[in-house]
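# Descriptive structure summary
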Amino acid sequence: MNWDSGTLNPYQHGEVFVTYDGMETDLDLGHYERFLDVELPGISNITTGKVYQSVITKERNGDFLGACVQIIPHITDEIKQMVRETASKDDYDVVLVELGGTVGDIESQPFLEALRQLRNEEGIDNVMFVHVTFVPYLNAAGEFKTKPTQHSTKELRSMGINPDMIVLRSQEPVSDDLKAKIAHFCDVAPNAVVNTPDAQSIYEVPLVLDRENAGQLVSDRIKLGIDTANDENTLNEWEKIVKSLKIQDPVVTIGIVGKYVELEDAYISIRESLHHAAAKVGAKMNIKYLSSDVDIENNEELKEFTEKLSDLDGILIPGGFGERGVEGKLQAVDYAIENNVPIFGICLGMQSMVIQFARRMGMNDANSTEFDKDTKYPVIDLMEKQKQIKKMGGTMRLGAYDCTLIDGTKTKEAYGTSNIQERHRHRFEYNNDFREELTSHGLVISGTTPDNFLVEIVELPDHPWFIGCQFHPEFKSRPNNAHPLFVSFVQAAFDNK
Ligand code: GLN
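Residues numbered from 1 in each chain as written. Predicted model: local features only at pLDDT ≥ 70, side-chain atom pairs only at ≥ 80, totals over all residues. Heavy atoms only, no water.

Our focus in this paragraph is the overall build of the chain. A tally of regular secondary structure across the chain gives 18 helices and 19 strands. A globule of 497 residues ought to have a C-alpha radius of gyration of about 23 Å, and the chain, at 25 Å, matches this closely. The dimensions of the chain, computed from C-alpha atoms along their principal axes, are 75 × 60 × 45 Å. When burial is assessed residue by residue, the chain has 49% of its 497 residues classed as buried. The contacts in the chain between residues at least 6 apart in sequence include a share of 66% that link residues at least 24 apart. Surface accessibility of the chain: about 24200 Å² in total, with carbon and sulfur atoms responsible for 48%. Positive and negative side-chain charges of the chain, numbering 49 and 79 respectively, have mean locations separated by a distance of 3 Å. (Helix = DSSP H or I, 4+ residues; strand = E, 2+ residues; numbered from the N terminus. Rg over C-alpha atoms; globule rule 2.2 N^0.38 Å. Buried < 20%, exposed > 50% of the residue type's maximum accessible area, 1.4 Å probe, protein only. Contact = heavy atoms within 4.5 Å. Areas by Shrake-Rupley, 256 points an atom, 1.4 Å probe, with all protein chains shown as cover. Lys, Arg positive; Asp, Glu negative; His and termini not counted. Charge placed at Lys NZ, Arg CZ, Asp CG, Glu CD.)

The next thing to look at is the domain arrangement of the chain. Along its sequence, the chain is carved into domain 1 (1-124), domain 2 (128-221) and domain 3 (243-495). Here the C-alpha centroids of domain 2 and domain 3 sit 42 Å apart. With four residues of domain 2 at the contact, the number on the domain 3 side is five residues. Of the roughly 350 Å² buried where domain 2 meets domain 3, counting both sides, 57% is carbon and sulfur surface. It is Gln200, Tyr203 and Glu204 in domain 2 that bury the most area against domain 3; as a group they hold 91% of the surface buried on that side. In this assembly, domain 2 and domain 3 are joined by one salt bridge. Notably, a salt bridge pairs lysine 246 with glutamate 204, separated by 3.3 Å at the nearest N-O pair. Summed over the shared surface of domain 2 and domain 3, the number is three residue pairs in polar contact (both at pLDDT 80 or more). Taken together, the residues of the side of domain 2 that touches domain 3 break down into two nonpolar, one polar and one charged. (Domains from an automatic or database assignment. Buried area = accessible area lost by both parts, 1.4 Å probe. Salt bridge = Lys/Arg side-chain N within 4 Å of Asp/Glu carboxyl O. Polar contact = N/O pair within 3.5 Å; in protein donor to acceptor, adjacent residues only side chain to side chain. Nonpolar A, V, L, I, M, F, W, Y, C, P; charged D, E, K, R; others polar.)

Another point: the site of the ligand. Around the ligand sit Gly319, Gly320, Phe321, Cys347, Leu348, Gln351, Glu370, Arg425, His426, Arg427, Phe428 and His472, and that is every residue in its neighbourhood. Glycine 320 places a main-chain nitrogen or oxygen 2.9 Å from an oxygen atom of the ligand. Interatomic distance of 3.1 Å between a side-chain N/O atom of glutamine 351 and an oxygen atom of the ligand. When the free accessible area of the ligand is taken as 300 Å², the share hidden by the protein chains comes to 98%. At the level of secondary structure, the elements contributing two or more residues to the shell around the ligand comprise helix H14 (348-360) and strand E15 (419-426). Looking at the shell around the ligand residue by residue, the classes come out as four nonpolar, five polar and three charged. (Near = heavy atom within 4 Å.)

Next up on the list: the pairing of strand E9 (residues 284-291). Look at any regular strand and the pattern is simple: side chains alternate between the two faces of the sheet. In the sheet, strand E8 (residues 251-258) pairs with E9 via eight bridges, with the strands oriented parallel. Across the sheet, residue valine 257 finds its bridge partner in E9, namely leucine 290. The parallel pair E8 and E9 is bridged by helix H11 (residues 268-281), and the resulting crossover is right-handed. (Pairing = 2+ DSSP bridges. Right-handed = clockwise from strand over helix to strand, strands pointing away.)

Moving on, we come to helix H12 (residues 299-310). Helix length check: H12, at twelve residues, gives a terminal C-alpha distance of 16 Å against a target of 16 Å (1.5 Å per residue), a fit within 8%. The backbone nitrogen of glutamate 300 has a side-chain oxygen 3.0 Å away, supplied by the residue at the start of H12, namely asparagine 298. (Expected span 1.5 Å × (residues − 1).)

As a further point, take the packing of helix H4 (residues 71-88) against helix H5 (residues 109-122). Running from N to C, H4 and H5 point in directions that differ by 65°, and their axes come no closer than 9 Å. Between H4 and H5, the angle falls in the class roughly perpendicular. In this structure, the crossing between H4 and H5 has a hand that is right-handed. Two secondary-structure elements touch here, H4 through Ile71, Ile72, Ile75, Thr76, Asp77, Ile79, Lys80, Val83 and Arg84 and H5 through Pro110, Phe111, Glu113, Ala114, Gln117, Leu118, Glu121 and Glu122. (Axes fitted to C-alpha atoms, helices over the stretch in contact; angles between N-to-C directions. Parallel < 35°, antiparallel > 145°, perpendicular 65-115°, else oblique. Left-handed = near helix turned anticlockwise from the far one by under 90°.)

For the coordinates displayed, the defined rule picks out eleven aromatic pairs. Put simply, the rings of Phe344, Trp465, Phe486 and Phe489 touch in pairs and so form one group of aromatic residues. Over the aromatic face of tryptophan 3 sits the side chain of lysine 50, whose NZ or CZ is 5.2 Å from the ring centroid. We note arginine 397 situated over the ring of tyrosine 401; from NZ or CZ to the ring centre the distance is 4.5 Å. (Phe/Tyr/Trp six-rings, centres within 6.5 Å; stacked < 30°, edge-to-face > 60°. Lys NZ or Arg CZ within 6 Å of the ring centre and 35° of its normal.)

Here it is, written out as structure tokens:
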């Protein structure tokens, strides 16, 4: 029912992905961007909350002319309209709709009904249904179980949807006999049951699907006219990417110091970006997750934390909200400065760098007003515009903004260009009142908004690698096109080994 993912707790749902046009979405959309190397618009994320809000707004406007508003046709029409709108955004050949959840969920029923209607309206040759199921392996019995697949397919058919293809997710590969059995019981063509066992890396999955001939099946079913075996758009380049992601030696170790470390999904785009960068540098990425929730007043805890930091080739401080864990991030920044360890700060990570730099200059309780409203040195503060805002949802500085890089900085050298666009998700900013004082002590501003009003990137010139950015570069890294800041950082960490 959530309208977007912006107000969801990263602990339960993982990272909030941000599109270029400022939508806060589910992290799955990030995978689609990375795999397809495209920038998807916010309307690619359809939620029950959005559908209902739109219908209710229309009802309040009197758009339904006195009709009784119902799930069918009003909600289902709205879903179809939203799906069609995504198709109209660009020159797409195919729209892939991933319906989350499980068949039988109360929440997904209107969506299944809308997609069933869509097939009738768009024509049988233009809509294909792929059902993804889990095939558990029972150790005790030593066999795979097909019943869950049979059962969910039956459930789907009771909603009027006959799958054209079934993708079997399993831990190990399943046999051809088992596929044939499922084809028989689920009324699907025998070659349309494909298997994707657990892969070493998620990037291998397209190759697995290709081996299962899934691409050809799709092309035949919706008449795309592609001969995948002889098509010029082969997966050769993709195979090279997968190979470079499998490098085992040498290893570069990066520590992510954040407060949501118990759930790796909370930093999924950062994790992927680090892997892309390591592949580019020619190393294996070893990520260590360090909780920044340390009591630095407690000597034992501080010692343990410092020992963990000393094992790292580079430190990455990710974004975050709220005070918990901030002191640990500041401690990590201090450690990196003292020990010349490459450090990359993203969003709250960048803000932590600024705060710690100010404290080291003698502004003892420098802070962000997010954590201490009465600090004497509010080096990070709310923008005037943000001060008026009371509502939480969708009110941050969100989406892609232009940024101008300053000549002679390491940041500009990493990007190799002056004008960049990066995605944001924050309320607080570097406070311009402290700009002069901080720069006079050596904190270099390496990127600003084109009008030079907002500070977007800071760096330290006399440190091996100390860059903090207010935006989230991790949303733009691709396996075939690693992000320049991540590549530069991982290279520096590698050189620091
Ligand atoms: N809490 C900080 C802000 O709102 C940083 C946000 C983030 O790291 N995404 O500005």
